[in-house]
Amino acid sequence: MNVRYMRDFRADLGTLGRVLVPASGGQRQIPVSQLASVKVVSGPSMIRDEDGLLTGYVYVDIAGRDQNSYIEEATRFLREK
């Protein structure tokens, strides 16, 4: 599971471990530390797969542009390179 918390929660492992997770259909809340080991480790920023094959994704922020002009520019760039 991949979850992104606000910096205040993820800056301190103790604070992150105390974040409450709904359980029992929302009738209870359990601290993350009771569900998982919370620790810092080195590794890839994310691992994804499709049908068991590792997959890499590239995210592009095109804020302020229309998608078509970005795709046309990117296509021209890739053809030239």
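Refer to the structure presented above.
Residues numbered from 1 in each chain as written. Predicted model: local features only at pLDDT ≥ 70, side-chain atom pairs only at ≥ 80, totals over all residues. Heavy atoms only, no water.

In terms of helices and strands, the protein chain carries four helices and four strands. For a compact globule of 81 residues, the expected C-alpha radius of gyration is about 12 Å, and the protein chain comes in at 20 Å, more than 25% above that figure. Principal-axis analysis of the C-alpha atoms places the extent of the protein chain at approximately 55 × 30 × 30 Å. Here the protein chain, with 81 residues, has 7% of them falling under the buried criterion. Taking contacts inside the protein chain between residues at least 6 apart in sequence as the whole, the part at least 24 apart equals 9%. Looking at the protein chain as shown, the accessible area adds up to about 7700 Å², and 51% of this sits on carbon and sulfur atoms. Of the charged side chains in the protein chain, 11 are positive and 10 negative, and the gap between their average positions amounts to 8 Å. (Helix = DSSP H or I, 4+ residues; strand = E, 2+ residues; numbered from the N terminus. Rg over C-alpha atoms; globule rule 2.2 N^0.38 Å. Buried < 20%, exposed > 50% of the residue type's maximum accessible area, 1.4 Å probe, protein only. Contact = heavy atoms within 4.5 Å. Areas by Shrake-Rupley, 256 points an atom, 1.4 Å probe, with all protein chains shown as cover. Lys, Arg positive; Asp, Glu negative; His and termini not counted. Charge placed at Lys NZ, Arg CZ, Asp CG, Glu CD.)

Right, let's talk about unusual backbone geometry for a bit. With a phi angle near 55°, S24 is a residue other than glycine that sits in the positive phi range. Here S24 lies in the loop between β1 (20–23) and β2 (28–31).

Another aspect to go through is the environment of Y5. Mapped onto the fold, Y5 is located in the segment before α1 (7–10). Beyond its immediate chain neighbours, meaning those up to four positions away, Y5 contacts R10, L16, V19 and V32.

Applying the stated rule across the entire model yields one salt bridge. The salt bridge partner of E73 is R65, with a shortest N-O separation of 2.8 Å. According to the relative accessible area criterion, R65 is partly exposed, its value standing at 36%. (Salt bridge = Lys/Arg side-chain N within 4 Å of Asp/Glu carboxyl O.)

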